[in-house]
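Topology and contacts: notes
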Amino acid sequence: MRLDELIAEGERVMTVCNACRYCEGYCAVFPAMERRLTFAPADLNYLANLCHGCGECYYACQYAPPHEFAINVPKVLTQIRGASYRQYAWPSGFARLFDRNGLISSLVLAVCLVLALLLASLVSRPTGVLDPPVKPGDFYAVVPHGVMAWAFGLVSLLVVMALVGGFLRFWRESGEGLKTFAQPFALRAALADITKLEYLDGRGAGCTYPDAQQSQARRWFHHLTFYGFLLCFAATCVGTLYHYGFGWQAPYEWLSVPVILGTLGGTGLLIGTAGLYWLKSISDKALADREQNGMDIAFIALLFLTSLTGLLLLGFRETAAMGLFLVVHLGVVMALFLTLPYGKFVHGIYRGAALVRYALERSRPGLTMGREQ
Amino acid sequence: MTVVERGRDARAIPPPRKWIPGFAGMTKSRFPPSCIFVKLNDQARERDHLVARNDALEPVDVLIVGGGNAGICAALSAREEGASVTVLEAAPRDFRGGNSRHTRNLRCMHAAPTDVLTEAYLEDEYFEDLLRVTGGETNEQLARMTIVASAGCPDWMKRYSVRFQPALGGTLHLGRTNAFFLGGGKALLNTCYAAAQRLGVRVFYDAAVEAFGVDDGLFREATVQRNGTTQTIRAKAMVLAAGGFEANLEWLEEVWGPAARNFIIRGTPYNRGIALKALLAHDVEAVGDPTQCHAVAIDARAPKFDGGIVTRLDCVSLGIVINREGERFYDEGEDFWPKRYAIWGRLVAAQPEQIAYSIIDSKAIGRFMPSVYPAITADAIPELAAKLDLPVDAVARTVAAFNQAVVPGTFDHTALDDCRTRGLSPDKTHWALPLDRPPFYAYPLRPGITFTYLGVKIDARANIMMKSGSPSPNMFCAGEAMAGNILGQGYLAGIGMTIGTVFGRIAGREAARCATR
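Residues numbered from 1 in each chain as written. Chains lettered and ligands numbered in written order. Predicted model: local features only at pLDDT ≥ 70, side-chain atom pairs only at ≥ 80, totals over all residues. Heavy atoms only, no water.

**Things to note about the overall build of chain A**
Tallying secondary structure elements over chain A gives 17 helices and 0 strands in all. In terms of overall dimensions, chain A has a C-alpha envelope of 80 × 40 × 40 Å along the principal axes. When burial is assessed residue by residue, chain A has 54% of its 373 residues classed as buried. Taking contacts inside chain A between residues at least 6 apart in sequence as the whole, the part at least 24 apart equals 75%. Charge centroids of chain A, computed over 30 positive and 26 negative side chains, lie 4 Å from each other. (Helix = DSSP H or I, 4+ residues; strand = E, 2+ residues; numbered from the N terminus. Buried < 20%, exposed > 50% of the residue type's maximum accessible area, 1.4 Å probe, protein only. Contact = heavy atoms within 4.5 Å. Lys, Arg positive; Asp, Glu negative; His and termini not counted. Charge placed at Lys NZ, Arg CZ, Asp CG, Glu CD.)

**Some details on the overall build of chain B**
The secondary structure content of chain B amounts to 13 helices and 20 strands. Taken over 517 residues, chain B has a buried fraction of 62%. Contacts in chain B between residues at least 24 apart in sequence constitute 74% of all its contacts with a sequence separation of at least 6. Roughly 19,000 Å² of accessible area belongs to chain B as shown, and the carbon and sulfur atoms make up 52% of that amount. (Areas by Shrake-Rupley, 256 points an atom, 1.4 Å probe, with all protein chains shown as cover.)

**Thoughts on the nonpolar core**
Ranked by internal contacts, the top residues of the largest apolar core, which has 112 residues, are Val62(B), Leu63(B), Phe212(B), Leu240(B) and Phe503(B). A per-element tally of this core places helix α13 (residues 495–516) of chain B first, with 11 residues. Filtering out sequence-adjacent residues up to four positions away, Leu240(B) remains in contact with Val65(B), Phe212(B), Ala275(B), Leu276(B), Leu279(B), Val456(B), Phe476(B), Cys477(B), Ala478(B) and Ala481(B). Ile7(A), Phe30(A), Met322(A) and Tyr350(A) belong to the second largest nonpolar core, which has 102 residues in total. (Core = buried A, V, L, I, M, F, W, Y, C linked by side-chain atoms within 4.5 Å.)

**Regarding the domain arrangement of chain B**
All names here are of chain B. Here chain B is described as being made up of domain 1 (16–248 + 453–516) and domain 2 (296–449). Of all residues in domain 1, the largest losses of buried area upon contact with domain 2 belong to His102, Glu246 and Ala247, amounting jointly to 67% of the total for that side. If you look at where domain 1 meets domain 2, you find 1 salt bridge. Joining domain 1 to domain 2, the criterion identifies 2 residue pairs in polar contact (both at pLDDT 80 or more). Considering only residue class, the side of domain 1 that touches domain 2 consists of 2 nonpolar, 1 polar and 2 charged. (Domains from an automatic or database assignment. Buried area = accessible area lost by both parts, 1.4 Å probe. Salt bridge = Lys/Arg side-chain N within 4 Å of Asp/Glu carboxyl O. Polar contact = N/O pair within 3.5 Å; in protein donor to acceptor, adjacent residues only side chain to side chain. Nonpolar A, V, L, I, M, F, W, Y, C, P; charged D, E, K, R; others polar.)

**Regarding the packing of aromatic side chains**
Using the criterion set out here, one finds 37 aromatic pairs over all chains in the structure. Each ring, one from Phe164(B) and one from Phe181(B), has its centre 5.7 Å from the other, and the planes form 45 degrees; the classification is tilted. With a gap of 17 residues between them, Phe164(B) in the loop between α5 (153–159) and β4 (178–180) and Phe181(B) in the loop between β4 and α6 (185–198) connect regions that are remote in the sequence. The buried category is assigned to Phe164(B), whose relative accessible area is 7%. Site record: aromatic cluster; members linked through ring pairs are Tyr85(A), Tyr88(A), Phe94(A), Phe98(A), Phe170(A), Tyr342(A) and Tyr350(A). (Phe/Tyr/Trp six-rings, centres within 6.5 Å; stacked < 30°, edge-to-face > 60°.)

**Quick notes on unusual backbone geometry**
That bond from Trp90(A) to Pro91(A) is cis: its omega, -5 degrees, falls within 30 degrees of zero. Note that Pro91(A) resides in the loop between α5 (73–88) and α6 (96–100). Note that the residue after Pro438(B), namely Pro439(B), is joined by a cis bond; omega there is 0 degrees. Its location among the elements puts Pro439(B) in the loop between β16 (420–421) and β17 (440–452). Of note, the phi angle at Arg203(A) is positive, near 55 degrees, even though the residue is not glycine. Residue position: Arg203(A) is located in the loop between α12 (198–201) and α13 (217–246). Residue Asp306(B) is not a glycine yet carries a positive backbone phi of 65 degrees. Topologically, Asp306(B) is positioned in the loop between β11 (293–299) and β12 (320–323). Looking at Asp306(B), the relative accessible area reads 4%, which means it is buried.

**Observations regarding the pairing of β17(B)**
All names here are of chain B. β17 sits mainly inside the fold: 13 of its 13 residues count as buried. Relative to β17, strand β9 (residues 264–265) runs parallel, the two sharing 2 bridges. If you follow Ile264 over to β17, its bridge partner there is Gly448. The pairing of β11 with β17 spans 7 bridges and is classified as antiparallel. Across the sheet, Ile298 pairs through a bridge with Arg446, a residue of β17. Both strand β13 (residues 356–361) and β17 contribute to a ladder of 6 bridges, which runs antiparallel. Bridging across to β17, Ser358 finds its partner in Tyr443. (Pairing = 2+ DSSP bridges.)

**Observations regarding the domain arrangement of chain A**
Residue and element names in this part refer to chain A. Once the domains are mapped, chain A shows domain 1 (3–88) and domain 2 (92–361). Computed from C-alpha coordinates alone, the two centres of domain 1 and domain 2 are separated by 29 Å. In this complex, domain 1 contributes 31 residues to the contact, which on the side of domain 2 involves 36 residues. For the pair domain 1 and domain 2, the summed buried surface comes to about 3,200 Å²; carbon and sulfur atoms form 52% of the total.

**With respect to a nonpolar patch on the surface**
Residues and elements named next belong to chain A. On the surface, Trp90, Leu154, Leu157, Leu158 and Met161 cluster together into a nonpolar patch covering about 490 Å² of accessible area. The residue Leu158 is located in helix α9 (residues 145–174) in this model. Exposure remark for Leu158: the relative accessible area of 51% places this residue in the exposed category. (Patch = residues over 30% accessible without salt bridge, like charges linked within 9 Å, V, L, I, M, F, W, Y side chains within 5 Å.)

**Focus on the packing of helix α3 (residues 41–50) of chain A against α5(A)**
Residues and elements named next belong to chain A. Across the interface, α3 lies against α5 with an axial gap of 8 Å and an inter-helix angle of 110 degrees. If you check the angle between α3 and α5, you find them roughly perpendicular. Two packed elements cross with a definite hand, and for α3 against α5 that hand is left-handed. Side by side, α3 and α5 meet where Leu44, Asn45, Leu47, Ala48 and Asn49 of the first sit next to Leu77, Ile80, Arg81, Ser84, Tyr85, Gln87 and Tyr88 of the second. (Axes fitted to C-alpha atoms, helices over the stretch in contact; angles between N-to-C directions. Parallel < 35°, antiparallel > 145°, perpendicular 65-115°, else oblique. Left-handed = near helix turned anticlockwise from the far one by under 90°.)

**Comments concerning the environment of Ala320(A)**
Residues and elements named next belong to chain A. Take Ala320: it is sitting in the loop between α15 (293–315) and α16 (322–339). Exposure remark for Ala320: the relative accessible area of 41% places this residue in the partly exposed category. Distance from Ala320 to Pro136, taken between C-alpha atoms, is 8.6 Å for residues 184 residues apart in sequence.

**Describing the packing of helix α1 (residues 3–20) of chain A against α3(A)**
All names here are of chain A. The geometry of α1 relative to α3 is characterised by a closest axis approach of 10 Å and an angle of 75 degrees between their N-to-C directions. Classified by the angle their axes make, α1 and α3 are roughly perpendicular. Contact residues: Ile7, Gly10, Glu11 and Met14 in α1; Pro41, Leu44 and Leu47 in α3. Across the contact of α1 with α3, the residue classes tally to 5 nonpolar, 1 polar and 1 charged.

**Looking at helix α3 (residues 123–134) of chain B**
Residues and elements named next belong to chain B. Its 12 residues place the ends of α3 16 Å apart at the C-alpha level, agreeing with the 16 Å of an ideal helix rising 1.5 Å per residue. Every buried residue of α3 is accounted for by Tyr126, Phe127, Asp129, Leu130, Val133 and Thr134. For α3, the buried positions fall inside an angular range of 155 degrees around the axis, keeping them on one side. Of the exposed residues in α3, those oriented more than 90 degrees away from the buried face are Glu128 and Arg132. Elements that come into contact with the buried residues of α3 comprise β3 (105–107), α4 (140–150) and α13. (Expected span 1.5 Å × (residues − 1). Arc of directions from axis to C-beta.)

Listed below in structure tokens is the structure:
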């Protein structure tokens, strides 16, 4: 569907919904909609980024197909959401990367990075990665710490710049100032919604994903993925602190804080991403935007591979294969990092920002339209 | 009154005959292991479909005719008593549930705030509200019984995993008197159908009952149109829950004459009243005025059928309403719109070609619930009249006369304010502001039929009364087909679902007891 057609469809659907409002108890989309009488592209982008595409409103809809109104909120908002990622992408020229971001291209990128690292390590150590280091588990004998830190530091910086750029574009479109974003009450409310996945909870019953029956499956798998990711990030932070703060060099003991955090996080990521993929594969196709499958699955796959290769590296770190596992792991992580700003990861940025905006809007008086029937 | 509280807990029910694997306990526990084996919604659909296609209509304890809220409540209630139950739904699965799919709440008596209702709403106030809308056209005994029993309805529904909106959620003004289903009536139906099928109730879609075999008040069998064939099903007891004839264009025309051709039907085309008519042919006592229907003024551009809630227009009281001749014909500001929209259905039905136009100016924008269809707009009244294909001079004269007659006041659309006209016939008695700030907006109005009042007479056990004055041994009724016992005329928001739920439960229980006695 062309973008203007998509926006027109979103406007049509929201106009019907705004005259009905039966779904207002489900999630943030509908109360946010009720604050509006018309739906400009910016409004639709905001509503789309509040939507989880769970399907509750679709199954509850008296106007869902085969009704002639053919209302399908999750689908049109998912499509608009996908388009909004491209619109917000920074720098703009890189928006096209969303179109290229599929499973195959992500894997090819990961393989290329692994090969590049192999070559680099061959240059630095003529004996190659398979030569066991003098000290078992000495990662830096294979890839020097400085190289690792510089490479990932630089990529992280670029990634953060791209994500911040995207966020600023989203926020500017909302018409809110940066100062209002930093209001503590709004940030707290958004954080609470995010950490609990409030709108996948369905007041305790879960949501209609992957099918018309309520289930908590998606919320749980997302929690495993989200908190797994955070634990892995925490492991990296603690490791950095150990390295620079205390001068303690990796490898760390099995029962050290970084290893425990990383193992827990990695396990969560493995189960969470596998679960999300499974749910996605059996989910109701009537609600999905097929064009985004590649982007979604690529992100899930890279997260899965990151934790898988990380755990394998941990398991084999005292064997001769350590060097190979390290290079593979680093390559996959680098591929994950590079694709973060132009893939499914950005949903966290825009949904988070949309939830902050939702909290801000709710603190202001809405429209009063006399008595309702 | 303990009528409603006697049904056994659903969990104590013997294992149903046809267990649907995987759905067991899905909604009770959070993400139970069994859901691993549940695949797709599509598969569930297919299962329903297969049941409806291949399975024969076997004899059953309790036959429920109609799959709206009343029918499904009756089915659940009959299963609570251990009876085998079959539901025949005339609509296909996607349009199941009759008018219930367009509902949103039920009106509940309650003595103290609950999780789904604020403050208190006691029996006497509830009954007075009912008396006011019906003008006394009600059976006080049945009405009070319904009101008292309504208090237990939300908790009973929750046992089947029905979810309600929290008491103070959303933009609702009926939070004191009405409990709102989370997601509305179709969500309620989805949950109740899933519960019924989990408990072994057999549901057949596209199964319209067109005749009954009744011997001297005793139900024997029903004749069903299904898959293009005529089949019969025998049952020990029968519950009629098939609603009225609001979607039966021929029948409406019989009652209303050619004007009925311009009526819009707010529900699905399947509410044809065939089963009601068939049963009334068996010496069953009727209630309700056979010529009356509940009609509201809705957007004339609504689809002929099933436009539901979104086609309503809430701007009538903020402007003027004119007919094809460009004349006003009724006080637009008589009372709050929710108290008047039903009157306007009738008023528009009485106008030439059953059409009228609500006209507002830009001062009204943002003061009423947004409409699904865009307004017809113009920068001047004559231009607007031309766009509407109305007599330009007459419309201009009407607007000018109205503007001149407006008495200055303090506008407040949340109260019966003092903005009115003087010297017009008819005057507008509240919210009268001159139509003077362009652009001007117009919405066409037509009567939208919601339901009909004709039904069968019942007693307090939901037993259908025969013309002889005695109850039928095994026929019961619930929902719109008996609502006329309580709601002789008018309407009170949410009371249709209350009557359906209360009498669905009673009819199901009594039918099951009758069948298993």
